[in-house]
2 protein chains.
Amino acid sequence: MEILFTFVPREDQQERVKKAFPEVEFYFLDRDKTRLSSANIIVTYGEDLTAEDIKSAEKVEWIMVASAGIEKLPHKAIEKRGITVSNVKGIHKTPMAESVLAHLLALKRTLPEIYQNQQKHLWNKKMSSSELNGTTALILGPGAIGSEIGRLLQAFGVNTIGCNRSGNQAPNMDEMISLDKILDKLPLADYVISVLPSTQETQQLLGKEHFNAMKQTAIFMNFGRGDLFAETVLLKALQQKEIAFAVLDVFEQEPLPEDHVFWSMNRVVVSPHISSKSGKYVDRTLDIFIPNLKKWLADRSVPTNLVDMEKGY
Amino acid sequence: MEILFTFVPREDQQERVKKAFPEVEFYFLDRDKTRLSSANIIVTYGEDLTAEDIKSAEKVEWIMVASAGIEKLPHKAIEKRGITVSNVKGIHKTPMAESVLAHLLALKRTLPEIYQNQQKHLWNKKMSSSELNGTTALILGPGAIGSEIGRLLQAFGVNTIGCNRSGNQAPNMDEMISLDKILDKLPLADYVISVLPSTQETQQLLGKEHFNAMKQTAIFMNFGRGDLFAETVLLKALQQKEIAFAVLDVFEQEPLPEDHVFWSMNRVVVSPHISSKSGKYVDRTLDIFIPNLKKWLADRSVPTNLVDMEKGY
């Protein structure tokens, strides 16, 4: 049994898996595909495997993706071979929700202005601070991450409206709506927060009519995927003051090109796709991987967090 | 009956009190003391009354302070006359707690670096983001504001230790200690957050031994009053890396002098005493004032949020 990690965990984390499975051969190789053909299991961030790689990886039966997004995997090649794919859905929820709350609270409590005034040694008490308390958030994609955002927002006294395909109840939402009712609710939301994955249904989901329906004071936050809307549409909505502010962690093209207009807009925050970042990331991945591997080795049990390659999540 | 506001509320707020009490004469006068001698009640932010003013204000029986801190009132002159003093304790809790969480989350999720990199059009994913989740906070002064901070921190999975004079239980604290045990607990805290008022007991409460006892990674936050410690002591603790970071909303001297070293330290955030700021402030003051005034006019009932001028809070 050979297991290939296509990234290199910390020394102590490597020891942890080796110790748990002394009978297994582990390879931790960054951008080195020499062990592909002999690997039985691959653990990857999901951005480094091509259809060609899947062909080479003749023995692979399970790909564990240490990420929530799987849109960069070669879906067809994997499906055809019937390879089991699992991910780490849910482990992003804590850092992601903390990032969303951090950005939102920073804007409400005028932190960017406080930092700027400090640079100028300027004691300026005339700030337009406001409160989260008593406001309304619309959350697109109330899954593990979206529901955690909802839980924290509710603690701050924010009214939460969740929006998914079915409109079926999700945790920590005061109200749920289905996607086809979104235009009715956008005018009520002080914040529109997307944590939607990239699927056929979510790509280009938001058009100019959606930004137009938002409050002029709305803060729009995209922490899902950069293909949710055309950036030109968001740009126009900002320029025409249809919305007040955008906080973006994901983009059509990443890294965001150096000459992109978003960088220099003072009503846009550019975050370089790091909202899920946390020192606890790999440890949490192993917390999921180790028990799954134990069961897999025992009786080829299907791992938790199974991904449906056809649905895309 | 004459009531003097020493600040000028918004037009609609003025209408609100006038409408509630058509029989009362209201004066809303900023830095104009011509109506002092005839006022029966004064509503003030608590920073503009001298002992001389109290002498002039012959008819005053009740001073309502639209603030939590009353240290700038002329205590002796007021006590001698037996004037009733009440404040708006509690109305700061929402904006203050949101400010504390905003600053804390911003540091944990590296917002200052994100903003700085945006100015440089720099896509840098190598951030040392960490999580509130699983950390420990020591809260000095778990009253209305401190307990609200505790409630929000607990929602983020933070272990809360409250510290007051008695060590008696306070809401939303996983543990309570008395002030004389503080040195035992400082080494456990990732954040030390003070919202203590200025009283004889809290002035210069923290000395170098306290900062020395904190974690080297600790974030120290002072959102109470600027006389809690000597700033030279904090400065030394920062320079000697006994603590990692300070977020200060209050100072020994306010406004903070333009040439103060804190302005240019990148491990200090200078906030110009605005953490309690909120558009809802005067409305909430009136929410407390109006029912109190109704009862006062009916039968001279003692207002809620009575202040003990001797204790100082």
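Residues numbered from 1 in each chain as written. Chains lettered and ligands numbered in written order. Predicted model: local features only at pLDDT ≥ 70, side-chain atom pairs only at ≥ 80, totals over all residues. Heavy atoms only, no water.

1. Quick look at the sheet that holds strand 6 (residues 136-140) of chain A
Residues and elements named next belong to chain A.
1) Next: Strand order in this open sheet of seven strands is 8-7-6-9-10-11-12, and the pairing throughout is parallel. The outermost strands of the open sheet, each flanked by one partner alone, are strand 8 (175-178) and strand 12 (268-270). Taking each pair of neighbouring strands and ignoring which way they run, the sheet shows an average axis angle of 15 degrees.
2) Next: The pairing of strand 11 (residues 245-248) with strand 12 spans three bridges and is parallel. Directly across from Ala246, in strand 12, lies its bridge partner Val268.
3) Next: Packing against the sheet, helix 6 (residues 144-155) makes contact with strand 6, strand 7 (159-164) and strand 9 (191-194), and its axis sits at approximately 170 degrees to strand 6. (Pairing = 2+ DSSP bridges. Helix = DSSP H or I, 4+ residues; strand = E, 2+ residues; numbered from the N terminus. Axes fitted to C-alpha atoms, helices over the stretch in contact; angles between N-to-C directions. Contact = heavy atoms within 4.5 Å.)

2. Quick notes on the interface of chain B and chain A
1) Next: With 57 residues of chain B at the interface, the matching set in chain A holds 57 residues.
2) Next: When the two sides are added together, the surface that chain B and chain A hide from each other amounts to roughly 4,800 Å², 58% of it contributed by carbon and sulfur.
3) Next: Across the salt bridge formed by Lys280 of chain B and Glu131 of chain A, the nearest N and O atoms sit 3.7 Å from each other.
4) Next: Linking chain B with chain A are 34 residue pairs in polar contact (both at pLDDT 80 or more). (Buried area = accessible area lost by both parts, 1.4 Å probe. Salt bridge = Lys/Arg side-chain N within 4 Å of Asp/Glu carboxyl O. Polar contact = N/O pair within 3.5 Å; in protein donor to acceptor, adjacent residues only side chain to side chain.)

3. Focus on the domain arrangement of chain A
Residues and elements named next belong to chain A.
1) Next: When cut into domains, chain A gives domain 1 (2-91 + 279-299) and domain 2 (93-270).
2) Next: Computed over C-alpha atoms, the centres of domain 1 and domain 2 are 33 Å apart.
3) Next: Taken together, the contact pairs five residues of domain 1 with six residues of domain 2.
4) Next: A combined buried area of about 450 Å² lies between domain 1 and domain 2, and 48% of that area is made up of carbon and sulfur atoms.
5) Next: Per-residue buried area on domain 1 facing domain 2 is highest for Glu71, Gly90 and Arg284; these three make up 70% of the total on that side.
6) Next: The interface formed by domain 1 and domain 2 holds one salt bridge in total.
7) Next: A salt bridge links Glu71 to Arg225, with the shortest nitrogen-to-oxygen separation between them at 2.5 Å. (Domains from an automatic or database assignment.)

4. Considerations on the nonpolar core
1) Next: With 72 residues, the main nonpolar core has Leu101, Ile149 and Leu153 of chain A together with Leu101, Ile149 and Leu153 of chain B as its most contacted residues.
2) Next: When near neighbours in sequence (up to four residues on either side) are disregarded, Leu153 of chain A contacts Leu101, Leu104, Leu132, Ala137, Ile139, Val158, Thr160 and Ile193 of chain A.
3) Next: The next biggest cluster of nonpolar side chains, apart from the first, holds 34 residues, and it includes Leu140, Leu235, Phe251 and Leu256 of chain A. (Core = buried A, V, L, I, M, F, W, Y, C linked by side-chain atoms within 4.5 Å. Buried < 20%, exposed > 50% of the residue type's maximum accessible area, 1.4 Å probe, protein only.)

5. Observations regarding the environment of Met1 of chain B
All names here are of chain B.
1) Next: Turning to its location among the elements, Met1 is positioned in the segment before strand 1 (2-5).
2) Next: Accessibility expressed as a relative area gives 35% for Met1, which makes it partly exposed.
3) Next: Along the primary structure Met1 and Ser38 are separated by 37 residues, whereas in three dimensions their C-alpha atoms are 8.8 Å apart.
4) Next: If near-sequence neighbours (up to four positions away) are discounted, Met1 is found in contact with Val24, Glu25, Asn40, Ile41, Trp296, Leu297 and Arg300.

6. Thoughts on helix 10 (residues 281-299) of chain B
1) Next: Compared with an ideal rise of 1.5 Å per residue, which puts 19 residues at 27 Å, helix 10 of chain B spans 28 Å between its outermost C-alpha atoms and is within 8% of the ideal.
2) Next: Along helix 10 of chain B, the positions that sit buried rather than exposed are Tyr281, Val282, Arg284, Thr285, Leu286, Ile288, Phe289, Ile290, Asn292, Leu293 and Trp296 of chain B. (Expected span 1.5 Å × (residues − 1).)

7. Things to note about the relation of the copies chain B and chain A
1) Next: Take chain B, turn it by 180 degrees, move it 0.0 Å along the axis, and it overlays chain A with an RMSD of 0.0 Å. Within this description, the copies of the chain are treated as partners about a two-fold rotation axis. When C-alpha positions in chain B are compared against the rotation axis, the closest is assigned to Ala102 of chain B, at 3.0 Å.
2) Next: Mapped onto chain A, 100% of the interface residues of chain B again fall at the interface, so both copies present the same surface. (Least-squares fit on C-alpha atoms with pLDDT ≥ 70 in both.)

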